[in-house]
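# Structural overview
So the chains spell out like this:
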Amino acid sequence: MSNIVDPLVGRIAARVRTERERRRWTLAQLADASGVSQAMISRIERGESSPTAVVLGKLSAAFQLSVASLLALAEGAPADPQGVTGVRRRTDAAEWRDPATGYRRRQITGPQFPTEVAEIRLPAGARVPYPAAAFAFVRQLVWVLDGRLTFHDGDTVHELDAGDSLELGEPRDRVFANTTDAECRYAVVLTRGARP
């Protein structure tokens, strides 16, 4: 299912372009750093293609951002300059859908909150791998809310049921997989660590 008409695709396009330009990278340099083709990056930056979760993982790793951070920046909830807290309605939060797997992600916390919390819905049979670099400079917890998640942490596999949580350690290649015939819903809680 394509989400090209989704306004979030345009915001992701702008965020990828901004992050690349902020580093003064060419398309070729970002392609080399991420392993994503120049043509695909160009289509993403022009809003002509919605990146998959795997492609976002590779791009975020090149930028030394988590996927959650890259998407949270793209979702761009307006920041309150006085830092006033308030209610965020479910209908106000943009939901991003991976066109390849149907994975859906909704940012729970606003951009001024010090911890990022996202709700993920992983369809039955979906598998989303991320490179270790996508987890650099972050501390992350995965908390299964409904269903069952098979989580590959490097060579270790964890079977997580509703109510289970897993605190992630050092960056490793990781895979979020739903090997069941029902949707899995989980939360990702992330804080940024020190940059080199």
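Please refer to the structure placed before this passage.
Below: a short report on this structure. (Residues numbered from 1 in each chain as written. Predicted model: local features only at pLDDT ≥ 70, side-chain atom pairs only at ≥ 80, totals over all residues. Heavy atoms only, no water.)

Right, let's talk about the environment of T18 for a bit. Mapped onto the elements of the fold, T18 is located in helix α1 (residues 7-22). A relative accessible area of 36% places T18 in the partly exposed class. Sequence separation of T18 and E45 is 27 residues, and the distance between their C-alpha atoms is 9.2 Å. (Helix = DSSP H or I, 4+ residues; strand = E, 2+ residues; numbered from the N terminus. Buried < 20%, exposed > 50% of the residue type's maximum accessible area, 1.4 Å probe, protein only.)

Turning next to the packing of helix α2 (residues 27-34) against helix α3 (residues 38-45). Taken N-terminus to C-terminus, the directions of α2 and α3 make an angle of 115°; their axes are 9 Å apart at the nearest point. Overall, the two elements α2 and α3 adopt an arrangement that is roughly perpendicular. The handedness of the crossing between α2 and α3 is right-handed. On α3, the residues that touch L27, A28, L30, A31 and S34 of α2 are Q38, I41, S42 and E45. Here the residues of the contact of α2 with α3 are counted per class, giving five nonpolar, three polar and one charged. (Axes fitted to C-alpha atoms, helices over the stretch in contact; angles between N-to-C directions. Parallel < 35°, antiparallel > 145°, perpendicular 65-115°, else oblique. Left-handed = near helix turned anticlockwise from the far one by under 90°. Contact = heavy atoms within 4.5 Å. Nonpolar A, V, L, I, M, F, W, Y, C, P; charged D, E, K, R; others polar.)

The next subject is empty space enclosed by the protein. Taken as a whole, this structure holds one cavity of 30 Å³ or more when the rule is applied. Taken as a whole, the largest cavity holds about 170 Å³ of empty space. Taken together, 15 residues line the largest cavity, and the ones lying closest to its centre are V67, A68, Y130, Q140 and V188. Counting residues per element, the ones that place at least two in the lining of the largest cavity are α5 (67-75), β3 (116-122) and β10 (184-192). Of the residues contributing to the lining of the largest cavity, the split by class is twelve nonpolar, two polar and one charged. (1 Å grid on protein atoms, 1.4 Å probe; cavity = no way out; pocket = protein on both sides within 12 Å on 5 of 7 lines; lining within 4 Å. Points joined across faces, edges and corners; volume = space filled by probe spheres on them.)

A few words on the pairing of strand β2 (residues 104-107). Two faces make up the sheet, and in a regular strand the side chains alternate between them. Across the two faces of β2 the burial is the same, with R104 and R106 and R105 and Q107 all buried. Here strand β1 (residues 95-97) runs beside β2; their pairing, made up of three bridges, is antiparallel. Looking at the pairing, E95 lines up with R106 of β2. Hairpin connection, β1 to β2: the antiparallel pair is bridged by six residues, and G102 has positive phi, about 85°. Across four bridges, β2 lies against β3 in antiparallel orientation. Looking at β3, one finds that R104 is bridged to R121. (Pairing = 2+ DSSP bridges.)

A word on α2. Among the residues making up α2, those that are buried are L30, A31 and S34. Down the axis, α2 shows its buried residues gathered within 105° of arc, on one side only. The first or second residue beyond α2 is G35, which carries a positive phi of 80°. (Arc of directions from axis to C-beta.)

Contact geometry for α2 and helix α4 (residues 53-63): axes closest at 8 Å, N-to-C directions at 105°. Regarding the angle of α2 to α4, the classification is roughly perpendicular. In this structure, α2 contributes L30, A33 and S34 to the contact, and α4 contributes K58, L59, A62 and F63. In the contact of α2 with α4, the residues fall into five nonpolar, one polar and one charged.

Glancing now at the pairing of strand β5 (residues 138-146). Looking at chain direction, β5 and β10 are connected through eight bridges and run antiparallel. Bridge pairing links W143 to A187 in β10. Note: β5 against strand β8 (residues 165-167), three bridges, orientation antiparallel. Bridged to V142 within β8 is L166.

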